[in-house]
Amino acid sequence: MRHRIAVVPGDGIGREVTPAALEVLEAAGRRHGFALDVTEHPWGCDYFVENERMMPPDGLDRLRESDAILLGAVGRPDVPDHISLWGLLIPIRRTFRQYVNLRPVKLWPGIASPVRDARVDMVIVRENVEGEYSEIGGRMNQGTDDELAIQEAVFTRRGTDRVIEYACRLAATRSGRICSATKSNGIIHTMPFWDERFAHATARYPHLESEQVLIDALAAALVLDPGRFDVIVASNLFGDILSDLAAAVAGSIGIAPSGNLNPERECPSMFEPVHGSAPDIAGRGVANPIGAIWSAALMLEHLGEADAAASILDAIGAVLADDGPRTRDLGGTATTADVTRAILEGV
Ligand SMILES: NC(=O)c1ccc[n+]([C@@H]2O[C@H](COP(=O)([O-])OP(=O)(O)OC[C@H]3O[C@@H](n4cnc5c(N)ncnc54)[C@H](O)[C@@H]3O)[C@@H](O)[C@H]2O)c1
């Protein structure tokens, strides 16, 4: 079996953790009998500085040829973040209808959470193509006392239903518990609509134990009692914030993975660590590669290589549990290469 993988390492530590993930993927392929046709694309902020765009005009067409996309991270301090986001990540997510952003979070044995007695094993299902991250709005009277900015949130019935439906189906395969992040007390149009669609969907899954929690209370509960949650479904903005929070409760954002999924598989899905390009540590070879490696395992699962994906997760678990090398975000002194080597031994 061959899988065509488009790789966009991007910027900063994206260029350090993506090669680590590729090494692990190649090793998993040798052991589990599949091969990868890798096409690497040097797009991102460095490309922007030279070309005034984040990727070439036919970039999306080139990515479309692949079975899946593996991304590092984009972002550079001298390039405004909205350019890197709207010039690369958002067009990929929207063009390829990757409307589910799947973010598993777990506290691995051997990792100390900053939260006492934390039990964490959850998946955050974030709506990924609409909601608060919308292009609708504008600015007027810039630079004057009358300056104003308007940003419209866009919640469609189709977009809301399909992500909630995905989360319900996922919850049915896990513990059967689903929680919806809402704010219908303060945001009086879109959030009551979100609640109605959640109620509509969960009515079809009577076996699920469902609850909806206001986002502010949910943020507190994720710190105080993370073990209460299994599948959390959230809008684009709420899901973005909650997943970083949950990842921190589980020990470090450096180990958190994500998949941008097109569940219908009409287009390639994209897999990337939750973290950004971390300019503060880039170029030193000390970034934690586990978020990228776990994302690569999610990609293999999506491509039907479940055994290979499981062996990568086992290898990560063994390194973390056995007092293996740790990068400094986990309190150690190991390098990206040390951690990658240790994981490779277990794959
Ligand atoms: N999907 C993406 O490409 C993405 C996501 C988030 C942020 N960004 C971009 O990344 C840039 C930096 O953003 P930020 O600083 O807010 O977030 P960040 O995730 O890059 O870094 C936050 C903190 O976590 C640490 N950290 C992150 N990943 C780590 C890893 N693998 N190992 C060890 N430590 C790690 C960093 O050193 C930093 O102190 C910005 O330009 C931002 O727009 C990109």
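One structure accompanies this document, and this report is about it. (Residues numbered from 1 in each chain as written. Predicted model: local features only at pLDDT ≥ 70, side-chain atom pairs only at ≥ 80, totals over all residues. Heavy atoms only, no water.)

Remarks on the nonpolar core
Going by this rule: Definition used in this section: a nonpolar core is a set of buried Ala, Val, Leu, Ile, Met, Phe, Trp, Tyr and Cys residues joined via side-chain atoms within 4.5 Å. Partly exposed describes any residue whose relative accessible area lies between the buried limit of under 20% and the exposed limit of over 50%, with all areas from a 1.4 Å probe on protein chains only and scaled to the type maximum. A run of H or I in DSSP counts as a helix once it spans at least four residues, and a run of E counts as a strand once it spans at least two, with each numbered from the N terminus. Domain delimitation follows an automatic or database domain assignment. Whether two residues touch is decided by their heavy atoms; if any such pair falls within 4.5 Å, the residues are in contact.
Membership of the largest hydrophobic core comes to 90 residues, with the highest contact counts inside it found for Leu 70, Val 125 and Ile 343. With nine residues, helix H9 (residues 290-302) is the single largest residue contributor to this core. When residues of this core are assigned to domains, at least three fall in each of domain 1 (1-98 + 259-347) and domain 2 (113-250). In contact with Leu 70, not counting residues within four places along its chain, are Ile 5, Ala 6, Val 7, Val 8, Thr 18, Ala 21, Leu 22, Leu 25, Phe 271, Ala 296 and Met 299. Counting 20 residues, the second-largest nonpolar core is a separate cluster that includes Val 8, Phe 48, Phe 96 and Met 270.

Description of the pattern of salt bridges
We count it as follows: Counted as salt bridges are all cases of a side-chain nitrogen of Lys or Arg within 4 Å of a carboxyl oxygen of Asp or Glu.
Scanning the entire structure with this criterion turns up 20 salt bridges. Put simply, Arg 62 and Asp 58 hold a salt bridge, and the shortest N to O gap is 3.3 Å. Looking at Arg 62, the relative accessible area reads 38%, which means it is partly exposed. One continuous salt-bridge network, built from bridges that share partners, spans Arg 15, Asp 46, Arg 76 and Asp 78.

Some remarks on the site of the ligand
What counts here: We call a residue near a molecule or strand whenever a single non-hydrogen atom of that residue lies within 4 Å of it. Polar contact is defined as a pair of N or O atoms within 3.5 Å, subject to the rule that within protein one atom must be able to donate a hydrogen and the other to accept it, and that residues adjacent in sequence are counted only when both atoms are side-chain atoms. Throughout, the Shrake-Rupley method with a 1.4 Å probe supplies accessible areas, and for residues the shown protein chains are the sole cover considered.
Taken together, 21 residues lie around the ligand, and Asp 81, Gly 276, Ala 278, Asp 280 and Asn 288 are the ones closest in. Within the contact set of the ligand, an oxygen atom lies 2.8 Å away from a backbone nitrogen or oxygen of Gly 276. Within the backbone of Ser 277, an N or O atom sits 3.0 Å from an oxygen atom of the ligand. Here the ligand, which alone exposes 810 Å², has 70% of that area covered by the protein.

Digging into the packing of helix H10 (residues 306-321) against helix H11 (residues 336-346)
For clarity, the cut-off: Interaxial angles span 0 to 180 degrees and are taken between N-to-C directions of axes, which are lines fitted to C-alpha atoms, for helices over the stretch in contact. Any angle that is under 35 degrees is reported as roughly parallel, and any over 145 degrees as roughly antiparallel; angles of 65 to 115 degrees are reported as roughly perpendicular and all others as oblique. Crossings are classed by handedness, with left-handed meaning an anticlockwise turn of the near helix from the far one by less than a right angle and right-handed meaning a clockwise turn. Just so you know the grouping, Ala, Val, Leu, Ile, Met, Phe, Trp, Tyr, Cys and Pro go in nonpolar, Asp, Glu, Lys and Arg go in charged, and all remaining residues, Gly too, go in polar.
The geometry of H10 relative to H11 is characterised by a closest axis approach of 8 Å and an angle of 125 degrees between their N-to-C directions. As summarised for this structure, H10 and H11 are arranged oblique, according to the angle between their axes. Our pair here, H10 against H11, has a crossing hand that is right-handed. Facing H10, whose interface residues are Ser 311, Ala 315, Ile 316 and Val 319, H11 presents Ala 342, Ile 343 and Gly 346. Its residues assigned to classes, the contact of H10 with H11 shows five nonpolar, two polar and no charged.

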